[in-house]
Structures are given as structure tokens and as C-alpha cells.
Amino acid sequence: MTLTFLPEACQSTFEQAVALSLHMWPALSLAVQNHWGGPDSADKRDWFAGAVAEAFPEYSKITNGQAVPAANAPEEPDTEYVETMLLQIMLDEFEVNVDDETGFDVAEQIIKLRGDIAKGNFEAVDSLRKKWESRKGAKVEGLYKKVESGDQETDWEDDSEDDEDDDVDMDDAPQLVRALKEKAEPEVDEDGFTTVTRKKK
């Protein structure tokens, strides 16, 4: 029995594969959860997936049992090109410098899925979809750093994973500062005695 499939189905499945690959990339998920790309970070992720998918020529026909782009279509991007694109968009749109090789992993996965899809093999994409649905909404933990403006020259490679335990929750810092300001410093007179002042009501 010969499996028949249409180029449109391959194209649609490939676009889903790209979207799923990006949605499951911890670096991007963390950036979206923390709104590092601004309040519309989730929309940016969707745009991101579209931009990556559009970097590949669209499937237009089935030739010798494989979906292929039109003869005059641009050349297929390779893993290195896709990785560079992923990392650049992460930096430009989310201000995240990803230096842990996961950009390469995502790019490699996209290229592999494209090869499978072109042959009408959608199993890997279905598996990815099920994996995504099973963990949807889960918080992503990671050590990705948002690049602050002017800090692009900073070398992050010295950071180790052990630093995670030393992280300070900076959300509490402003309250601590306010509490310290409210407490007046004791006044000491010329003889070295502390002046007792009545608390204001």
C-alpha cells in the first residue's frame, strides 16, 4: 500500500513542527514567561515561528515520493543558518543571549523534522505535539540571562549552574530599603550619650 500525501499537508505539518520546536525551547519559554520581549512576548514567539518557517522554501509538489519546493525556489537553509537565525532573533527580540548549545539543538531538530515530513513521515511531529500537550503550562526553569542594554560585551561563560542556589529574590529588595529608611538613626550628643526620641504616632 502506497502512502499518498499532498505538498500542502507537508507544508502545514512543517509549520507546526517549527512552532512546536520553538514552544518547547526552554530559553524561549523562559523569555516569554518573564515578558523579556515585552508584554506581547507570546505573540512575538508566534511571529518567530512564522519567520523561521518562511526561511524555508514552500513545498509545491510531490516528486519521487517526496515533497519538494518549486524548481526555482531558494536554497534550503542548513542547520548553521537556522541556528544563527534563532540566536539572532532571541537577542534582538527578547534580549536573551543563549550560549548553551540549545539553539543548535533546536535548529537540528527543525532540519531533521523537515526531512521526515518531506517523505510523508509525520510521526515525529505527532510525538512532539503530544509531548507539548502533556507539559503545556508547565513552568520552565533555566539559567538564561536577559541581556541588559549596554551589557552585550559581558562574558557570561564564567557563570556556573551552582549560582542558581545563590540567587536572591530581588522582588523583596525595595521593601527592605523602605523599612530601613523609616527607622531614624539614634542621635548622639557631645558627651557620647544617645538622645532618646519619642516615636511619632
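Residues numbered from 1 in each chain as written. Predicted model: local features only at pLDDT ≥ 70, side-chain atom pairs only at ≥ 80, totals over all residues. Heavy atoms only, no water.

Here's the deal with the pairing of strand β2 (residues 66-69)
Burial along β2 is one-sided: the residues A67 and P69 are buried and none of Q66 and V68 is. Where strand β1 (residues 59-63) folds back onto β2 in an antiparallel hairpin, the turn is made up of two residues, including N64, whose phi is positive at roughly 50°. (Buried < 20%, exposed > 50% of the residue type's maximum accessible area, 1.4 Å probe, protein only. Helix = DSSP H or I, 4+ residues; strand = E, 2+ residues; numbered from the N terminus. Pairing = 2+ DSSP bridges.)

Here's the deal with the nonpolar core
In terms of nonpolar packing, the biggest core is built from 40 residues, with L22, W25, F48, V52, L86 and M90 touching the most fellow members. Mapped onto this core, the elements with two or more residues apiece are α1 (7-23), α2 (26-33), α3 (41-54), α4 (79-94), α5 (102-118) and α6 (123-135). (Core = buried A, V, L, I, M, F, W, Y, C linked by side-chain atoms within 4.5 Å.)

What to know about the pairing of β1
Bridge count for β1 against β2 is four bridges, and the pairing is antiparallel. Looking across to β2, one finds that T63 is bridged to Q66.

Some points on a negative patch on the surface
Taken together, D99, D100, E101, D105 and E108 make up a surface patch of like negative charges. With respect to the element layout, D99 can be found in the loop between α4 and α5. For D99, a relative accessible area of 45% translates into the label partly exposed. (Patch = residues over 30% accessible without salt bridge, like charges linked within 9 Å, V, L, I, M, F, W, Y side chains within 5 Å. Areas by Shrake-Rupley, 256 points an atom, 1.4 Å probe, with all protein chains shown as cover. Salt bridge = Lys/Arg side-chain N within 4 Å of Asp/Glu carboxyl O. Lys, Arg positive; Asp, Glu negative; His and termini not counted. Charge placed at Lys NZ, Arg CZ, Asp CG, Glu CD.)

Structural notes on the packing of α2 against α3
The description of two packed helices rests on the angle between their axes and on the distance between the axes. Between α2 and α3, the shortest axis-to-axis distance is 8 Å and the interhelical angle comes to 145°. Crossing of α2 against α3: the hand is right-handed. On α3, the residues that touch L28, S29, A31 and V32 of α2 are S41, A42, R45 and F48. Among the residues forming the contact of α2 with α3, the class breakdown is five nonpolar, two polar and one charged. (Axes fitted to C-alpha atoms, helices over the stretch in contact; angles between N-to-C directions. Left-handed = near helix turned anticlockwise from the far one by under 90°. Contact = heavy atoms within 4.5 Å. Nonpolar A, V, L, I, M, F, W, Y, C, P; charged D, E, K, R; others polar.)

Section: the pattern of salt bridges
Applying the stated criterion across every chain yields a total of four salt bridges. Two residues, E93 and K44, come together in a salt bridge whose shortest N-O distance is 3.4 Å. Pair noted here: E93 is in helix α4 and K44 is in helix α3, with a separation of 49 residues, a long-range link. In this structure, D116 and K112 form a salt bridge, with 3.3 Å as the shortest nitrogen-oxygen distance. Of the two residues, D116 and K112 are both situated in helix α5; the distance of four residues between them amounts to about one turn of the helix. Here D116 falls in the buried class, since its relative accessible area comes to 16%.

Focus on unusual backbone geometry
Although it is not a glycine, H35 adopts a positive phi angle of roughly 55°. Its location among the elements puts H35 in the loop between α2 and α3.

A closer look at the environment of F94
As for its placement among the helices and strands, F94 is situated in helix α4. Separated by 63 residues in the primary sequence, F94 and A31 have C-alpha atoms spaced 6.4 Å apart.

Brief notes about α6
For α6, which comprises 13 residues, the first-to-last C-alpha distance of 19 Å matches the rise-based estimate of 18 Å (1.5 Å per residue) to within 8%. V125, L128 and W132 are the residues of α6 that are buried. Seen from one end, α6 has its buried residues packed into an arc of 60°, which puts them on one side. Counted as exposed and oriented over 90 degrees from the buried face of α6: E123, K130 and S134. Residues of α6 that are buried make contact with α1 and α5. (Expected span 1.5 Å × (residues − 1). Arc of directions from axis to C-beta.)

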